[in-house]
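Chain by chain, the residues:
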Amino acid sequence: MILIDGKKAAAELRQELKHEVTELKVKYNKVPGLTVILIGDLTPSQIYVRNKEKSANEVGLKSEVIKYPDSVEEKTVLEKIEELNKDETVSGILVQLPLPKHIDKQKVIETILPSKDVDGFHPMNVGNLSSGYESSVPCTPLGCYLLIKKVEPNLNGKKAVIVGRSNLNGKPMTQLLLKENCTVTITHSKTKDLKAECLEADIIVAAVGIPELVKGDWVKKNTIVIDVGINKTDKGIVGDVDFDEVSKNAKALTPVPGGVGPMTIACLLKNTIECFKRSQI
Ligand code: GUN
């Protein structure tokens, strides 16, 4: 079984991005900039944002974090986004989710210029991705896709089963694998026989938020299994895949932690650089 080392893959990607930023600096005499807006004091969000800032600095991006208290008015946030949209030193804008209840998430997402939407959440980017046009691609599915391609560069005709239909993961993951000529089945909580669907798969991406849902006897030999889950349980953080069982069957598997997580942040940096490059044309 191949244990897919997301930490190592992310470190390699960051190294490539660092070189690219150096070259861009020579060519344009400026570097891509990432601005993250963090609202409130949720601990996981604070940790994510700190890691994003650290990684952005490591590859040489200009990085800024704007913090607001939980009580901030929606109008203040929208006005700040408008200001960042106009700021030429800002290539990418990310508003950390979740947001306090009184702030309309969709309004926030749609206020970010599609060309600066490093999350790929703006409807324009969602539409472009599903139409096969150039777009920002959500960071987590992009990270999963790059890990799958490392194990299996040619995905032509492979059968992929996605467990979970979220806008953040399942749906964009489907688009990325369709582009690679996979036959994609998207499953969810109302799917009749999840085990039977998974047993058909050459590739399984589990992104459903149910601890250790995917069992060993759901996976045939030679299947690549990507675990997007991060679930807090009594025995600590576990994924959506039963690691001990599935590792006995699968061809390749991502661990939790140390699989998809590190790639997500590296892909955010990649998206920021892509936004910068498109803005220079
Ligand atoms: N919160 C958890 N994951 C994400 C993400 O990918 N993007 C944003 N903006 N917020 C998140």
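The structure we're discussing is the one just above.
Residues numbered from 1 in each chain as written. Predicted model: local features only at pLDDT ≥ 70, side-chain atom pairs only at ≥ 80, totals over all residues. Heavy atoms only, no water.

Student: Help me understand the pattern of salt bridges, please; the structure alone is not making it clear to me.
Tutor: Close approach of charged atoms lets side chains of opposite charge pair. Applying the stated criterion across every chain, the model contains 14 salt bridges. Residue Lys235 is joined to Glu212 by a salt bridge in which the shortest nitrogen-to-oxygen separation is 3.0 Å. Within this pair, whereas Lys235 is found in the loop between β9 (231-233) and β10 (236-238), its partner Glu212 is found in the loop between β7 (203-206) and β8 (224-227), the two being separated by 23 residues in sequence. Its relative accessible area of 19% is what places Glu212 among the buried residues. Within this structure, Lys8, Glu12 and Lys150 form a network of salt bridges that share partners. (Salt bridge = Lys/Arg side-chain N within 4 Å of Asp/Glu carboxyl O. Helix = DSSP H or I, 4+ residues; strand = E, 2+ residues; numbered from the N terminus. Buried < 20%, exposed > 50% of the residue type's maximum accessible area, 1.4 Å probe, protein only.)

Student: In this structure, what is going on with the site of the ligand? I would like to understand it.
Tutor: Near the ligand you find Leu94, Val95, Gln96, Leu97, Asp119 and Phe121, and these make up its full shell. In this structure, Gln96 approaches the ligand through a side-chain N or O atom, which is 3.2 Å from a nitrogen atom. For the ligand, whose unbound accessible area comes to 280 Å², protein coverage reaches 81%. (Near = heavy atom within 4 Å. Polar contact = N/O pair within 3.5 Å; in protein donor to acceptor, adjacent residues only side chain to side chain. Areas by Shrake-Rupley, 256 points an atom, 1.4 Å probe, with all protein chains shown as cover.)

Student: Would you mind going over the nonpolar core with me for this structure?
Tutor: Across soluble globular proteins, nonpolar side chains show a tendency to be buried alongside one another. Counting 48 residues, the largest nonpolar core has Ile148, Met173, Leu177, Ile203, Val205 and Ile226 as the members making the most contacts within it. Per-element accounting of this core gives the leading share, 9 residues, to helix α10 (residues 260-280). Ignoring any residue separated from it by four or fewer positions in sequence, one finds Val205 in contact with Ile148, Val161, Ile162, Val163, Met173, Ile226 and Val228. (Core = buried A, V, L, I, M, F, W, Y, C linked by side-chain atoms within 4.5 Å. Contact = heavy atoms within 4.5 Å.)

Student: Mind showing me how you'd approach the environment of Lys235 here?
Tutor: Under the relative-accessibility criterion, Lys235 is labelled exposed at 61%. As for Lys235 and Lys80, which are separated by 155 residues in sequence, their C-alpha atoms are 41 Å apart. A distance of 3.0 Å separates polar atoms of two side chains, one belonging to Lys235 and the other to Glu212.

Student: When you look at empty space enclosed by the protein in this model, what are you seeing that I'm missing?
Tutor: With a probe scaled to a water molecule rolled over the atoms, the places where space remains empty come into view. Under the criterion given, the structure shown has 1 cavity of 30 Å³ or more. For the largest cavity, the full set of lining residues is Val95, Leu97, Val108, Ile109, Ile112, Asp117, Asp119 and Phe121. Partitioned by chemical class, the residues of the lining of the largest cavity number 6 nonpolar, no polar and 2 charged. (1 Å grid on protein atoms, 1.4 Å probe; cavity = no way out; pocket = protein on both sides within 12 Å on 5 of 7 lines; lining within 4 Å. Points joined across faces, edges and corners; volume = space filled by probe spheres on them. Nonpolar A, V, L, I, M, F, W, Y, C, P; charged D, E, K, R; others polar.)

Student: Would you mind showing me how to read the layout of surface pockets here?
Tutor: A volume near 290 Å³ is recorded for the second largest pocket. For the second largest pocket, the lining is made up of 15 residues, of which Glu88, Thr89, Val90, Ser279 and Gln280 are closest to its centre. Of the residues assigned to the lining of the second largest pocket, the class counts are 4 nonpolar, 6 polar and 5 charged.

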